[in-house]
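# Structure assessment
Residue strings, one per chain:
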Amino acid sequence: MSVLLSNNNGILVIIPDGRLDTNNSPEAEKQLTDQIESGETKIAIDFSKTSYISSAGLRVILKTAKMLKPKGGTIVLCNANEQIAEVLEISGFLTMFKCLNSLDDAIKELSV
Amino acid sequence: MEKDTSLDIILRLTRATESVVRGEKRAVDILTELTDSTQIQKEIADLAEQINTIVVQKEINEFRLEKMVEDLLAAQAELNEAKHDSITGLANRALFHERLNKECETAETKGSDVTLFFIDLDKFKQVNDTMGHDAGDELLMLVSKRIQANTRDDDIVARIGGDEFTVILPAADKEDVIRVATQIVEELNKPFSLAAGIAYISGSVGISFYPAEADSPISLVKNADIAVYKAKEHGRNNFQFYRDTNSNQIK
């Protein structure tokens with residue numbers, strides 16, 4: 001797995017590639033932490049290239065949200081496949097995070 | 001190294017889960033490491049994943065609650081700010097009317113009464129004009145403290161305008177009313193030591209009763225205001241009852 005990063009008008013777009021599970025969540029967590037420490041506060045996580053997310057992956061998103069909170073930052077999710085959408089729903093993530101249908105929508109949401 | 005047996009792995013999982021239950025630091029990270037592991041039997045990894053999902057559910061709920069409490073506290077602070085005077089921290093005009101309505105309703109239900117003091121500071125404008133607005137603000141703060149120090153615990157003190165204060169006294173007997181009014185007048189007549197120097201003012205207090213003299217909170221305020229004018233006419237630095245005013249006698 002690799003995590004692709006790009007910056008779109010002050011919005012950091014994260015595209016986890018492949019599985020986001022125990023084996024690669026530490027790497028994803030490190031990258032996100034580095035980005036937040038360097039000042040990123042608006043983050044879109046685009047699951048278009050992500051095939052699977054486990055509870056370990058969810059924890060990375062939650063940890064990121066906790067780090068962003070005191071900085072007034074936001075995370076928006078998008079392009080979740082069926083498995084990811086179900087996990088987000090079951091875990092209660094959808095009560096805290098928006099999961100939109102496209103990256104454009106996510107960027108629009110963060111641009112407000 | 002010999003490969004772990006299923007039993008060894010279950011024991012590791014049990015220990016990790018126990019640590020999570022006990023709230024030990026890093027416990028969830030250890031549990032997370034067991035999920036999806038290709039080194040262990042798939043069924044056990046699945047079990048670890050399910051347990052870890054429950055933990056994440058709990059963590060997200062905690063995070064949500066934390067945020068809800070913060071939002072509630074922020075909203076409460078905002079509401080509080082909107083109803084209090086920024087200089088003295090006392091109830092402002094809006095909150096004063098709200099509290100007065102409530103106290104009049106309670107009085108009606110209980111068959112008790114409400115006494116209202118309308119306090120107008122004498123010579124406040126002079127302090128503001130000669131010593132500056134900062135001195136004026138400092139004086140208002142000290143005035144609010146002196147008024148509060150001489151009222152009863154349940155009385156409600158408000159600042160409803162520039163140099164106008166009110167005190168709502170629920171269920172006060174005649175002795176209470178005279179004692180509190182006398183103390184306020186005396187205290188306001190003592191010198192105030194401000195950063196810019198000593199200020200000398202006094203207070204004129206108008207007093208009216210609900211429901212004996214007023215049929216609504218609004219007329220109670222009006223009556224107390226009329227009584228303040230009477231106190232001003234009597235040379236300031238005193239208190240007067242509405243029932244002794246001319247307008248009341250005409251009625």
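Conventions we followed
- Residues numbered from 1 in each chain as written.
- Chains lettered and ligands numbered in written order.
- Predicted model: local features only at pLDDT ≥ 70, side-chain atom pairs only at ≥ 80, totals over all residues.
- Heavy atoms only, no water.
- Helix = DSSP H or I, 4+ residues; strand = E, 2+ residues; numbered from the N terminus.
- Buried < 20%, exposed > 50% of the residue type's maximum accessible area, 1.4 Å probe, protein only.
- Contact = heavy atoms within 4.5 Å.
- Areas by Shrake-Rupley, 256 points an atom, 1.4 Å probe, with all protein chains shown as cover.
- Salt bridge = Lys/Arg side-chain N within 4 Å of Asp/Glu carboxyl O.
- Polar contact = N/O pair within 3.5 Å; in protein donor to acceptor, adjacent residues only side chain to side chain.
- Nonpolar A, V, L, I, M, F, W, Y, C, P; charged D, E, K, R; others polar.
- Axes fitted to C-alpha atoms, helices over the stretch in contact; angles between N-to-C directions.
- Parallel < 35°, antiparallel > 145°, perpendicular 65-115°, else oblique.
- Left-handed = near helix turned anticlockwise from the far one by under 90°.
- Core = buried A, V, L, I, M, F, W, Y, C linked by side-chain atoms within 4.5 Å.

Moving on to the overall build of chain B. A tally of helices and strands in chain B yields nine helices and seven strands. Every one of the 251 residues in chain B was classed for burial, and the buried ones make up 45%. Residue pairs at least 24 apart in sequence account for 63% of intrachain contacts in chain B once pairs closer than 6 positions are excluded. Total accessible area on chain B stands at roughly 14,100 Å², and carbon and sulfur atoms take up 53% of it.

All right, on to the pattern of salt bridges then. Residues and elements named next belong to chain A. Across all of its chains, the model carries 27 salt bridges over all chains by this definition. Its salt-bridge partner being Glu109, residue Lys98 comes within 2.9 Å of it at the nearest N-O pair. Highlighted residues: Lys98 in strand β6 (residues 98–100) and Glu109 in helix α4 (residues 103–111), separated in sequence by eleven residues. Look at Lys98 and you get partly exposed, because its relative accessible area is 44%. Its relative accessible area of 30% is what places Glu109 among the partly exposed residues.

A few words now on the interface of chain A and chain B. Counting from both sides, the interface comprises 22 residues of chain A and, opposite them, 18 residues of chain B. Inspection of the chain A/chain B interface yields five salt bridges. As a salt-bridge pair, Glu70 of chain B and Lys69 of chain A come within 3.0 Å of each other at their nearest N and O atoms. Inspection of the chain A/chain B interface yields twelve residue pairs in polar contact (both at pLDDT 80 or more). Of all the elements in the fold, those that place two or more residues in the side of chain A that touches chain B are α2 (55–68) and α3 (82–91) of chain A. Here the side of chain A that touches chain B is built from residues that sort into nine nonpolar, seven polar and six charged.

For the pair α2 of chain A and helix α3 (residues 42–82) of chain B, interaxial distance at closest approach is 9 Å and the crossing angle is 20°. Between α2 of chain A and α3 of chain B, the angle is such that the two are roughly parallel. Crossing of α2 of chain A against α3 of chain B: the hand is left-handed. Residue-level inspection shows Ser55, Ala56, Leu58, Arg59, Leu62, Ala65 and Lys66 of chain A of α2 of chain A in contact with α3 of chain B, the latter providing Glu49, Asn52, Thr53, Val56, Glu59, Ile60 and Phe63 of chain B. Tallied by class, the residues present in the contact of α2 of chain A with α3 of chain B amount to seven nonpolar, three polar and four charged.

Formed by 30 residues in total, the largest nonpolar core has its most connected members in Phe117, Ile119, Leu121, Val143 and Ile147 of chain B. Going through the elements one at a time, β1 (114–122), α5 (124–131), α6 (133–149), β3 (164–170), α7 (174–188), β4 (192–194) and β6 (202–210) of chain B are the ones with two or more residues in this core. With six residues, α7 of chain B is the single largest residue contributor to this core. Those residues within four positions of Phe117 of chain B in sequence are excluded, and the remaining contacts are Phe165, Thr166, Val167, Leu169, Val177, Val180, Ala181, Ile184, Val205, Gly206 and Ile207 of chain B. Of all hydrophobic cores here, the second largest spans 26 residues; its members include Leu32, Leu58 and Ile61 of chain A together with Phe63 of chain B.

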